[in-house]
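As a plain string of letters, each chain reads:
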Amino acid sequence: NREALEFASERLRNDREVVLMAVRRSGGWALQAASAQMKADREVAAEALRQNGLVLELLSEALRADRDLVLEAVQGNGLALEHASAELREDVAVVEAATRSN
């Protein structure tokens, strides 16, 4: 769970397999305790967003500007739109997807 990853060594908080396992078991929220490198990892981000669109807020700025990832997030939870890049908050398709999910 998220709390367990918090107390893991930096090496493990930077290990993709460990972080993916924790993300799956925590509904995505273990990403809070992951390293900055893991918060910028597209594979980890995609898995976390499949679990919970709201974890978009935890991702790197670059991934919050990734249209496919943001669509995944807002389709799961329209409120995730708040954490998308400014450009994507102006994207009609992204906003429509967000309004359909809530």
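Rules behind the numbers
Residues numbered from 1 in each chain as written. Predicted model: local features only at pLDDT ≥ 70, side-chain atom pairs only at ≥ 80, totals over all residues. Heavy atoms only, no water. Helix = DSSP H or I, 4+ residues; strand = E, 2+ residues; numbered from the N terminus. Buried < 20%, exposed > 50% of the residue type's maximum accessible area, 1.4 Å probe, protein only. Contact = heavy atoms within 4.5 Å. Polar contact = N/O pair within 3.5 Å; in protein donor to acceptor, adjacent residues only side chain to side chain. Axes fitted to C-alpha atoms, helices over the stretch in contact; angles between N-to-C directions. Parallel < 35°, antiparallel > 145°, perpendicular 65-115°, else oblique. Left-handed = near helix turned anticlockwise from the far one by under 90°. Nonpolar A, V, L, I, M, F, W, Y, C, P; charged D, E, K, R; others polar.

Engineer: Give me the environment of Asn14: which residues, what numbers.
Structural biologist: Following the sequence through the fold, Asn14 ends up in the loop between α2 (10-13) and α3 (16-25). You can call Asn14 partly exposed: its relative accessible area is 28%. Separated by 19 residues in the primary sequence, Asn14 and Ala33 have C-alpha atoms spaced 9.8 Å apart. Excluding anything up to four places from it in sequence, Asn14 contacts Ser35, Gln37 and Met38. Side-chain polar atoms of Asn14 contact the side chain of Ser35, separated by 2.7 Å.

Engineer: Describe the packing of helix α6 (residues 67-76) against helix α8 (residues 92-101), and please don't skip the residues or the numbers.
Structural biologist: Axis separation between α6 and α8 bottoms out at 8 Å; the angle between their running directions is 20°. As the angle between them shows, α6 and α8 are arranged roughly parallel. Crossing geometry of α6 relative to α8 is assigned as right-handed. Here Arg67, Val70, Leu71, Val74 and Gln75 of α6 lie close against α8, whose contacting residues are Ala93, Val94, Ala97, Ala98 and Ser101. The residue makeup of the contact of α6 with α8, split by class, is 7 nonpolar, 2 polar and 1 charged.

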